Each structure stands twice: as structure tokens, then as C-alpha cells.
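Breakdown of the fold
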Amino acid sequence: MEFFQKKMALSLTLGALAIQVSAQPGGRFAQVKSPVVNADNTVTFNYQNENAKEVLVDVQFAGRHAMAKGENGIWSVTLGPAAPDM
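Structure report, in brief. Model, not experiment: these values are computed from the prediction.

1. Section: the nonpolar core
If you look at the biggest cluster of nonpolar residues, it comprises eleven residues: Val43, Phe45, Ala52, Val55, Val57, Val59, Met67, Trp75, Val77, Leu79 and Ala82. Listing elements by their share of this core, those giving two or more residues are strand 2 (43-48), strand 3 (56-59) and strand 6 (74-79). The element best represented in this core is strand 6, accounting for three residues. With sequence-adjacent residues up to four places away left out, Val57 is seen in contact with Phe45, Gly63, Arg64, His65, Met67, Val77 and Leu79.

2. Considering the pairing of strand 3
Residues of strand 3 alternate between two faces, with Val57 and Val59 buried on one and Leu56 and Asp58 left unburied on the opposite face. By the bridge criterion, four bridges tie strand 3 to strand 4 (residues 63-66) in an arrangement that is antiparallel. Counterpart to Asp58 in the pairing with strand 4 is Arg64. Connecting the antiparallel pair strand 3 and strand 4 is a turn made up of three residues.

Calculation rules
- Residues numbered from 1 in each chain as written.
- Predicted model: local features only at pLDDT ≥ 70, side-chain atom pairs only at ≥ 80, totals over all residues.
- Heavy atoms only, no water.
- Core = buried A, V, L, I, M, F, W, Y, C linked by side-chain atoms within 4.5 Å.
- Buried < 20%, exposed > 50% of the residue type's maximum accessible area, 1.4 Å probe, protein only.
- Helix = DSSP H or I, 4+ residues; strand = E, 2+ residues; numbered from the N terminus.
- Contact = heavy atoms within 4.5 Å.
- Pairing = 2+ DSSP bridges.

Shown next, in the form of C-alpha cells:
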């Protein structure tokens, strides 16, 4: 029983931290949503880093791919479609 209580407390603490971090203002950077699952089951990955020279994403369903940098400093790539999974 004690193990379950510790595990539950840790889960609740991590959940609270995740909510707190996501609520923080983005400073000079807007928060970027990633990954985004699109209606056609493709997945768009976004990453903001104005100083990066190259960004790669490596995902189980599609392998490694280079991301393209947009004018706003957000790197993105759309992969898939991904097969449904649990």
C-alpha cells in the first residue's frame, strides 16, 4: 500500500509541475504546440530555436527526418500518416 501511495503522490506532483510549466508565459518566445496530430493521421512536429542550424526528428513510425525552419524561427515537419496505436 505504501508503494502505491508514493507512486500516486509522485504522479500528482509531476502532473502539477507540468501544468505549472505550461502556464508560464513564453517570454520572448510563444509556446509552440508539438506534436500535432492532423485529421489525416499525419503528425506535425514543431520546435522553436532561432539559433539552430539543423534540427532532426526521429520517430518510431517514420524514422529520422530533417525539419524546415520557418520565418518565425519555428522548425517543423509533417510525417505520416501514422497507424493508430495504444
